[in-house]
Amino acid sequence: MNGQGACIWCAPNAPKNPEEAKAAMLEHGFIVLVDFLGTGKPWLSQCVAAGHIVAPRYDNVTGRNGGCRFCKRYGPGDPHEAVADMRAAGFRPLEPFKNIASPWLSLCERCTKTSTPRLNNVRTRGECCKHCARYGLDPGAPARLYVLSHAEYAP
C-alpha cells in the first residue's frame, strides 16, 4: 500500500524459496556467491561462461533474460578471435585461451618481454604490456610529490 510492491515471496516472478532462486540463476548462467536477498536486489554471482564476478538482479535475469553484462558487451570469447585480437595488439599468446577476463601469458612483440594482459583490456585499451605501455606508473621517470595542508586541521 505504500508503493513498495509485493514482498520478496509474493512478487510475480519471485521464487517460492531461496533454493529455487539459486537453481534459476544457475539455469541462466550464474553461480550465486551469497544468500538470496530479494528479487530486486543485486545478487553477487559468478558468470559460468567467463568467470566474471557480477551482481545481477534476480528479476532481471529471469524476467528479462538478462545475462552477464561483460559477456553481453564483449562475449565470453571465441578462441580464434581471441588469438587474432591479441596478435593485432602486438602480443603472441604463450598458453591456451581461457576467457576474456583471465590474465593470459603472452609475449609482447614490441619489448620482447612476457606479460599477462587480459583480453578484455586488450580489446578496450589496445596497449596492455606492463613493460612498454605508455600509461600508468613509470618507475624510471621523474616523479612529483604534492603536499597538501588543511588550514583548520593542520597543526
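The text that follows walks through the structure, step by step, so that each part is easy to find.

Here is what the cut-offs are and how they apply
Residue positions are counted from 1 within each chain, in the order its sequence is given. With pLDDT at 70 or above as the cut-off, local features in this predicted model cover only qualifying residues; side-chain atom pairs require 80 or more to be listed or tallied, and sums for whole chains, interfaces and linings still use all residues. Only heavy atoms go into the side-chain values, all of them from the structure, while hydrogens and water stay out. A patch is a set of surface residues, each over 30% in relative accessible area and not in a salt bridge, joined within 9 Å for like charges and within 5 Å for the nonpolar side chains Val, Leu, Ile, Met, Phe, Trp and Tyr. Residue exposure ignores everything except the shown protein chains as possible cover, and the areas themselves are Shrake-Rupley values with a 1.4 Å probe. Just to be clear on terms, a salt bridge is a Lys or Arg side-chain nitrogen sitting within 4 Å of an Asp or Glu carboxyl oxygen. Remark: exposure states derive from per-residue accessible area (1.4 Å probe, protein chains only) relative to the maximum for the residue type, with buried under 20%, exposed over 50%, and partly exposed in between. Secondary structure elements follow DSSP: runs of H or I no shorter than four residues count as helices, runs of E no shorter than two count as strands, and numbering proceeds from the N terminus. Pairing of N or O atoms within 3.5 Å defines a polar contact, subject to two protein rules: one partner must be a possible hydrogen donor and the other a possible acceptor, and residues neighboring in sequence count only if both atoms are side-chain atoms. Between two residues, a contact is recorded if the distance between any of their heavy atoms is within 4.5 Å. Stacked, tilted and edge-to-face pairs are distinguished by plane angle, under 30 degrees for stacked and over 60 for edge-to-face with tilted covering the rest, among Phe, Tyr and Trp rings (Trp via its six-membered ring) whose centres lie within 6.5 Å. For a lysine, the NZ atom is tested; for an arginine, the CZ atom; a charge sits over a ring if that atom is within 6 Å of the ring centre and within 35 degrees of the ring normal. For two strands to be treated as a pair, DSSP must find no fewer than two bridges joining them. Between N-to-C directions, angles span 0 to 180 degrees; the directions come from axes that are lines fitted to C-alpha atoms, helices contributing only their stretch in contact.

## Considerations on a nonpolar patch on the surface
Taken together, the side chains of Leu26, Ile31, Leu33, Val34, Leu44, Val48 and Ile53 make up a nonpolar region of the molecular surface, amounting to roughly 580 Å² of accessible area. What makes Leu44 partly exposed here is its relative accessible area of 36%.

## As for the side chain of Ser106
Inspection of the secondary structure puts Ser106 in strand 5 (residues 106-108). One polar contact links the side chain of Ser106 to the main-chain carbonyl oxygen of Trp104, over a distance of 3.0 Å. In this view, Ser106 contacts Met86, Phe91, Arg92, Pro93, Leu94, Lys113, Thr114, Ser115 and Pro117; residues no more than four positions away in its chain are not counted.

## As for the packing of aromatic side chains
Within the structure shown, the criterion is met by three aromatic pairs. One Lys or Arg, Arg110, reaches over the ring of Phe91 and ends 6.0 Å from the middle of that ring.

## Considering unusual backbone geometry
What you tend to see is this: most non-glycine residues have negative phi, and most peptide bonds are trans. Non-glycine residue Thr112 carries a positive phi angle of around 60°. Relative to the assigned elements, Thr112 resides in the loop between strand 5 and strand 6 (114-115).

## Digging into the sheet that holds strand 2 (residues 45-47)
The strand order across the open sheet formed by three strands is 1-2-3, and the pairing between neighbours is antiparallel. Bordering the open sheet on either side are strand 1 (30-32) and strand 3 (53-54), each of which pairs with just one other strand. Where strand 2 lies against strand 3, two bridges are found, and the strand directions are antiparallel. Looking across to strand 3, one finds that Ser45 is bridged to Val54. Packing against the sheet, helix 1 (residues 18-27) makes contact with strand 1 and strand 2, and its axis sits at approximately 150° to strand 1.

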